[in-house]
Amino acid sequence: MIFSLFFSRITKMRQSQLFGKTLREDPKDEVAANAKLLERGGFVHKNSAGIYSYLPLGWRVLQKIAKIIREEMDAIGGQELFMPALVERKYMEPTGRWGVEIGLEVKGKDEKEASFVLGWTHEEVLTAIAKHFINSYKDLPTALYQIQTKFRNEPRAKSGLLRGREFMMKDLYSFHADEKDFEGYYAKVKDAYNKIFRRAGLKAVYTLAAGGVFTESNTHEFQVAAPVGEDTILVCTDCEYAENKEISHLKDGEQCPKCKGKIQEKSAIEVGNIFPLGTKYSEALDLRFIDEKGDKKHVIMGSYGIGLGRLMGTIVEIHKDDKGIIWPESVAPFGVHLIELGTKNEELGKKVKKEAEDLYDGLIAKGVEVLYDDRAEKTAGEKFADADLLGIPWRVVISEKTLKEKSVEIKKRSAGNAELVKLTEAVQTLTKK
């Protein structure tokens, strides 16, 4: 079947009733393709620099991405929870991260100084929670994750969904008794992340990077090569060993130290990262466990992040053409874009309408997600332009011309040619795609 039934509560939508309209012109002051196409297509609305609302089409895409992430996190033993967005000062001060510039402080009107910050990460909060439940080696290992809004004081908010002040993130945290156990789980997360990005239609490169404000040790990023990317990576064209230019001693054109292949410099978008935290947070917040010998030890931790909006924006940057978006089937808002083309002949128009409605109902009965362009006031050219812009994987056209052949026209968004399929076979054909 074209798509999973995750959206079984809403597998259908008439375009005449869809909230959000397409725009013919690019939004002003936008450079990145994802910003232009997502706003033009009515997937998102820009409220402020780096702050977006996800409209119904965009929210469907984001939920598809979240579903993939949840499946892969659950597969490696992650348990989902949900933590507060307001983080009290007492959690951040022990690690020295209360005063970092990335934070957005929250202060009541009657307060002289802030006592809370809007959550930009949750290592401290979850470590404090874990103190109530992790006491023995028998309680380890464990891994917990959430999908939640994060807030950052980002002075360079730009490039659409690629760099924001408010964004949805999946953050996973793992707790271990020893370094060996942590390293094993770190490798599992690496594999899970690669699966997530492949399922979302992206090829990500595992890249050595710095720790920033999260950890003093080296970390790893997952980078997708793209001209619009703000990061620069040095990657081997043979074995794909890669380093972020910020910490790398590699040079463009030289031999790879791992396989003697050629190092190439590329612009890239960071779509995920994984951090070895060691005992930095467990020591600061005194998270300890009793081992098998009865000794008290600090818990070893790791954290692992994926920005859902950034991932969505990256998909658009990679999967597009000069007409619009080309969504991978796994994350597309709908599987089929059904287009009814009216006619001036009233009798023929009724026949076209009836066949379109019957096909709409037939596809929905089979669990296929359908956006039905039933807009009477739009021309064929306008409907086709919108279909290309929205980028739904399969376009199905019913018109006076196709009815003469007792057929519908089916075209894949990523392909050039359309095919005629008999009306009696249309539902079966589309459910097998």
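Because the structure is predicted, anything quoted here is derived from the model rather than measured. (Residues numbered from 1 in each chain as written. Predicted model: local features only at pLDDT ≥ 70, side-chain atom pairs only at ≥ 80, totals over all residues. Heavy atoms only, no water.)

This next bit is on the packing of helix 1 (residues 33–40) against helix 7 (residues 308–318). One can describe the packing of helix 1 onto helix 7 by two numbers: an axis separation of 8 Å at closest approach and a directional angle of 100°. With respect to their mutual orientation, helix 1 and helix 7 come out roughly perpendicular. Contact with helix 1, carried on its side by Ala33, Asn34, Leu37 and Leu38, involves Met312, Gly313, Val316 and Glu317 of helix 7 and no other residues of that element. Residues that form the contact of helix 1 with helix 7 fall into these classes: five nonpolar, two polar and one charged. (Axes fitted to C-alpha atoms, helices over the stretch in contact; angles between N-to-C directions. Helix = DSSP H or I, 4+ residues; strand = E, 2+ residues; numbered from the N terminus. Parallel < 35°, antiparallel > 145°, perpendicular 65-115°, else oblique. Contact = heavy atoms within 4.5 Å. Nonpolar A, V, L, I, M, F, W, Y, C, P; charged D, E, K, R; others polar.)

Turning our eyes to something else, we now look at the packing of aromatic side chains. Geometry of an aromatic ring pair is reported as the spacing of the ring centres plus the angle between the planes. Within this structure, the stated rule accounts for nine aromatic pairs. With a centroid separation of 6.2 Å and 75° between ring planes, the pair formed by Tyr185 and Tyr304 is classed as edge-to-face. Here Tyr185 is found in helix 5 (residues 179–199), whereas its partner Tyr304 is found in strand 17 (residues 300–307), with 119 residues between them in sequence. Among the residues examined, Tyr185 registers a relative accessible area of 10% and is labelled buried. The exposure class assigned to Tyr304 is buried, which follows from its relative accessible area of 2%. Here the aromatic rings of Tyr206 and Phe222 are separated by 5.4 Å at their centres, their planes lie at 55°, and the arrangement is tilted. Here the residue Tyr206 occupies a position in strand 10 (residues 205–209), and Phe222 occupies one in strand 11 (residues 219–225), the gap between them amounting to 16 residues. Aromatic rings pair up to connect Phe182, Tyr185, Tyr186 and Tyr304 into one cluster. Above the face of the Tyr241 ring, Lys258 is positioned so that its terminal group lies 5.1 Å from the ring centre. (Phe/Tyr/Trp six-rings, centres within 6.5 Å; stacked < 30°, edge-to-face > 60°. Buried < 20%, exposed > 50% of the residue type's maximum accessible area, 1.4 Å probe, protein only. Lys NZ or Arg CZ within 6 Å of the ring centre and 35° of its normal.)

Since there are 3.6 residues in each turn of an α-helix, residues three or four apart along the chain are aligned in direction. Among the eight residues in helix 4 (residues 123–130), seven count as buried, and that is most of the element. Of the positions making up helix 4, those classed as buried are Glu123, Glu124, Val125, Leu126, Thr127, Ala128 and Ala130.

On to the packing of helix 2 (residues 56–75) against helix 5, then. For the pair helix 2 and helix 5, interaxial distance at closest approach is 10 Å and the crossing angle is 155°. Considering the angle they form, helix 2 stands roughly antiparallel to helix 5. Relative to helix 5, helix 2 is oriented so that their crossing is right-handed. In this structure, helix 2 uses Ile68, Ile69, Glu71, Glu72 and Met73 to contact helix 5, whose residues at the interface are Ala192, Tyr193, Lys195, Ile196 and Arg199. Residue composition of the contact of helix 2 with helix 5, grouped by class: six nonpolar, no polar and four charged. (Left-handed = near helix turned anticlockwise from the far one by under 90°.)

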